[in-house]
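Topology and contacts: notes
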Amino acid sequence: MRYRTEDPLFAGVGAICETAMQETQADGVALAVVSRSRRVRELIYATDSLAQQLDDLQYVIGEGPCFDAYLRDAPQCYPELTSVGKTARWPVFAAGATELGVQALFAIPVPDGWRPMGVLELYRRATADLADSEFAAACACASAIAHQLESNWQEHVAPFGNAEQAIDDAAMTGAHSQVAADPFTRTQIHVAGGMVAIQLGVTADEGVDRIRAHAYACARPVS
């Protein structure tokens, strides 16, 4: 089963993700992009439901190799998620991922100058590191995604002024018209977080955090 967004801003990235999965012998791949101006993190593509669950798990608990890859702007390779010494930075995610049946995870930042525009996530059901050629292929695919997105944005960004605003607009459009069709968008979560914030008299960020915490406590998808 494969899911993908139909937004023209992200056209073509699915094919590159599929190539990354084939050339690295990964069992699944996902791609998330981040809007720096509003800190909106959108899942753009996932090859299967498990790849989507892994990304959702990291979003809900706010930790994991994909966050590290984005913040450090460097690949994060974990061929053995059961290794406590190597995954001590995010034990909750490591435990959750292995419960889902994932034994290895690799997060490659999608380059964009001083800060990545997103992260390419690859997982394996068996413990195994990426061979040198596979790691090179993953990095090449991340760069190809960056070029594809840049090309898409140059074509569609003019009405918005910049790529950041275009991503935000795409997310908000999804919140109003594509929620049922697009299983990836998390904009509705931020809208709900704003409602929670008003009800509880807290900040919007804390409102989203309350929803994420409740989803994790109930073992339910945050959406």
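Residues numbered from 1 in each chain as written. Predicted model: local features only at pLDDT ≥ 70, side-chain atom pairs only at ≥ 80, totals over all residues. Heavy atoms only, no water.

Turning our eyes to something else, we now look at unusual backbone geometry. A positive phi is found at Gln 25, a non-glycine position, where the angle reads about 55 degrees. Relative to the helices and strands, Gln 25 is located in the loop between helix 1 (13-24) and strand 2 (28-35). Phi at Asp 73 is positive, roughly 50 degrees, even though this residue is not glycine. Topologically, Asp 73 is positioned in the loop between helix 3 (65-72) and strand 4 (76-78). The partly exposed category is assigned to Asp 73, whose relative accessible area is 35%. (Helix = DSSP H or I, 4+ residues; strand = E, 2+ residues; numbered from the N terminus. Buried < 20%, exposed > 50% of the residue type's maximum accessible area, 1.4 Å probe, protein only.)

Another point: the pairing of strand 6 (residues 118-124). Judged by how many residues are buried, strand 6 sits mostly within the fold: seven of seven residues are covered. On strand 6, burial covers both faces: Gly 118, Leu 120, Leu 122 and Arg 124 on one face and Val 119, Glu 121 and Tyr 123 on the other are all buried.

Glancing now at helix 1. Because each turn of an α-helix spans 3.6 residues, side chains separated by three or four positions in sequence point in the same direction. When the terminal C-alpha atoms of helix 1 are compared, their 16 Å separation across 12 residues agrees well with the 16 Å that a helix rising 1.5 Å per residue should span. Among all positions in helix 1, only Val 13, Gly 14, Ile 16, Cys 17, Glu 18, Ala 20, Met 21 and Thr 24 are buried. Just downstream of helix 1 lies Gln 25, where phi reads positive at about 55 degrees. (Expected span 1.5 Å × (residues − 1).)

This brings us to the nonpolar core. Membership of the largest hydrophobic core comes to 28 residues, with the highest contact counts inside it found for Phe 10, Leu 31, Leu 120, Leu 122, Ile 145 and Leu 149. Secondary structure elements with two or more residues in this core: helix 1, strand 2, strand 3 (40-46), strand 5 (104-110), strand 6 and helix 6 (132-156). With seven residues, the single largest contributor to this core is helix 6. Listed in part, the 23 residues of the second largest apolar core include Leu 57, Val 60, Ala 97 and Tyr 123. (Core = buried A, V, L, I, M, F, W, Y, C linked by side-chain atoms within 4.5 Å.)

Along the polypeptide, Asp 56 turns up in helix 2 (residues 49-61). With a relative accessible area of 17%, Asp 56 lands in the buried category.

One can describe the packing of helix 1 onto helix 6 by two numbers: an axis separation of 9 Å at closest approach and a directional angle of 175 degrees. By the angle between their axes, helix 1 is roughly antiparallel relative to helix 6. On helix 6, the residues touching Val 13, Ile 16, Cys 17, Thr 19, Ala 20, Glu 23 and Thr 24 of helix 1 are Glu 134, Ala 137, Ala 138, Cys 141, Ala 144, Ile 145, Gln 148 and Leu 149. Residues that form the contact of helix 1 with helix 6 fall into these classes: 10 nonpolar, three polar and two charged. (Axes fitted to C-alpha atoms, helices over the stretch in contact; angles between N-to-C directions. Parallel < 35°, antiparallel > 145°, perpendicular 65-115°, else oblique. Contact = heavy atoms within 4.5 Å. Nonpolar A, V, L, I, M, F, W, Y, C, P; charged D, E, K, R; others polar.)

We now examine the packing of aromatic side chains. All chains considered together, the criterion is met by two aromatic pairs. Look at Tyr 78 and Trp 90: their rings are 4.7 Å apart centre to centre, the planes differ by 75 degrees, and that puts the pair in the edge-to-face class. With Tyr 78 in strand 4 and Trp 90 in the loop between helix 4 (84-87) and helix 5 (91-99), this pair connects stretches of sequence that are 12 residues apart. Both residues of the pair, Tyr 78 and Trp 90, belong to the buried class. (Phe/Tyr/Trp six-rings, centres within 6.5 Å; stacked < 30°, edge-to-face > 60°.)

No statement about biological role is implied by the geometric values presented.
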